[in-house]
Amino acid sequence: MNMTLTLQDVCLLILGAAVLVLLVYLIMLIANLIPSVKKLQKVLDDVSVITETAVDATNKAKVIVTDASSAVSNFSSNLKSNGSLGGTLTSLVAFIKGLKAMAGK
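In this report, we go over the structure that sits alongside the text. (Residues numbered from 1 in each chain as written. Predicted model: local features only at pLDDT ≥ 70, side-chain atom pairs only at ≥ 80, totals over all residues. Heavy atoms only, no water.)

Focus on the overall build of the protein
Link 1 in the chain: When helices and strands are tallied, the protein shows two helices and zero strands.
Link 2 in the chain: Burial statistics for the protein: of 105 residues in total, 7% are counted as buried.
Link 3 in the chain: As displayed, the protein offers around 9,000 Å² of accessible surface, 71% of which is attributable to carbon and sulfur atoms. (Helix = DSSP H or I, 4+ residues; strand = E, 2+ residues; numbered from the N terminus. Buried < 20%, exposed > 50% of the residue type's maximum accessible area, 1.4 Å probe, protein only. Areas by Shrake-Rupley, 256 points an atom, 1.4 Å probe, with all protein chains shown as cover.)

Digging into a nonpolar patch on the surface
Link 1 in the chain: Together, Leu12, Leu15, Val19, Leu22, Leu23, Tyr25, Leu26 and Leu29 make up an exposed nonpolar region whose accessible area comes to about 770 Å².
Link 2 in the chain: Tracing the chain through its elements places Leu12 in helix α1 (residues 7–80). (Patch = residues over 30% accessible without salt bridge, like charges linked within 9 Å, V, L, I, M, F, W, Y side chains within 5 Å. Salt bridge = Lys/Arg side-chain N within 4 Å of Asp/Glu carboxyl O.)

Some details on the environment of Lys100
Link 1 in the chain: Note that Lys100 resides in helix α2 (residues 85–104).
Link 2 in the chain: Lys100 sits in the exposed class, given a relative accessible area of 66%.
Link 3 in the chain: Once the C-alpha coordinates of Lys100 and Ala68 are considered, the two residues, 32 residues apart in sequence, prove to be 9.9 Å apart.

Following this line, the structure appears as structure tokens:
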């Protein structure tokens, strides 16, 4: 039994085999990519939580620093103007409370 193959038939067979190998390779690539994408999503979720926590802590620290700064400003202005002792002590107490809050958080 003789079988005649033309050059076109050989090229089509080679091209078909190459497409089949490419499909198998792409299926394996996607199968390996799916768990990686799931892990990446978990990491990104963790980063989002950490970022939110950092923003909250930064905002709290900003409030504390602003309060301490205003207390120091009031204290120094009372000392400069030789104001009443009560105003100076009030400013000093506010400054100490601000420092305590900053050290506690």
